[in-house]
Amino acid sequence: MDNQCLILLSKFSVAARKFIGSVNSAKMIRDNHYASDIFQQIDEIGDEELILLSLDLQNVLGMLKLPEIEKESLHEASKEKYVFGARG
């Protein structure tokens, strides 16, 4: 856990407190089910700034996944990038 993640987690916890009450930061890091419930409650509230914080935190915690279409296009783009070697 790096410093940037802790800063983001504390910002999220303070902002979410206004809407859903206290958020256990340590439990959010350890328990994916608890974190998913918190993120779902935030999505239902609809506050844009809080949703953006939520998405950033989910990304840092590794809870967001790329859709299959994007994964395939990234994989194809990496194949096309280096078609020839250095000499031809």
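Residues numbered from 1 in each chain as written. Predicted model: local features only at pLDDT ≥ 70, side-chain atom pairs only at ≥ 80, totals over all residues. Heavy atoms only, no water.

K.L.:
How should the packing of aromatic side chains be read in this particular structure?
P.N.:
This structure, assessed with the given rule, holds one aromatic pair. Ring geometry for Phe12 versus Phe39: centroids 5.6 Å apart, planes at 55 degrees, classification tilted. Residue Phe12 is located in helix H1 (residues 3-20), and its partner Phe39 is located in helix H3 (residues 32-45); the two are separated by 27 residues in the primary sequence. Residues Phe12 and Phe39 agree in their burial class; the two are buried. (Phe/Tyr/Trp six-rings, centres within 6.5 Å; stacked < 30°, edge-to-face > 60°. Helix = DSSP H or I, 4+ residues; strand = E, 2+ residues; numbered from the N terminus. Buried < 20%, exposed > 50% of the residue type's maximum accessible area, 1.4 Å probe, protein only.)

K.L.:
So what exactly am I meant to see when it comes to the side chain of Gln58 here?
P.N.:
As for its position among the elements, Gln58 is in helix H4 (residues 48-61). Judged by its relative accessible area of 10%, Gln58 falls in the buried class.

K.L.:
I keep staring at the environment of Asp47 and nothing clicks. Help me out?
P.N.:
For Asp47, the location among the structural elements is in the loop between H3 and H4. In this structure Asp47 comes out as partly exposed when scored by relative accessible area, which is 29%. Separated by 28 residues in the primary sequence, Asp47 and Phe19 have C-alpha atoms spaced 9.3 Å apart. In terms of polar contacts, Asp47 uses its side chain to reach the backbone amide nitrogen of Leu50, at 3.3 Å. (Polar contact = N/O pair within 3.5 Å; in protein donor to acceptor, adjacent residues only side chain to side chain.)

K.L.:
Looking at this structure, I do not really get a nonpolar patch on the surface. What am I missing?
P.N.:
Where nonpolar side chains cluster on the molecular surface, the patch consists of Leu52, Leu55 and Leu64 and spans about 260 Å² of accessible area. Mapped onto the elements of the fold, Leu55 is located in helix H4. Here Leu55 falls in the partly exposed class, since its relative accessible area comes to 37%. (Patch = residues over 30% accessible without salt bridge, like charges linked within 9 Å, V, L, I, M, F, W, Y side chains within 5 Å. Areas by Shrake-Rupley, 256 points an atom, 1.4 Å probe, with all protein chains shown as cover. Salt bridge = Lys/Arg side-chain N within 4 Å of Asp/Glu carboxyl O.)

K.L.:
I would appreciate a short explanation of the nonpolar core in the present structure.
P.N.:
For soluble globular proteins, the rule of thumb is that nonpolar side chains tend to be buried together. Phe12, Met28, Ile38 and Leu57 are the most contacted members of the largest nonpolar core, which totals 14 residues. Ranked by the residues each element gives to this core, the list is headed by H3, at five residues. Among all residues touching Leu57, those that are not within four sequence positions of it are Leu8, Leu9, Phe12, Met28 and Phe39. (Core = buried A, V, L, I, M, F, W, Y, C linked by side-chain atoms within 4.5 Å. Contact = heavy atoms within 4.5 Å.)

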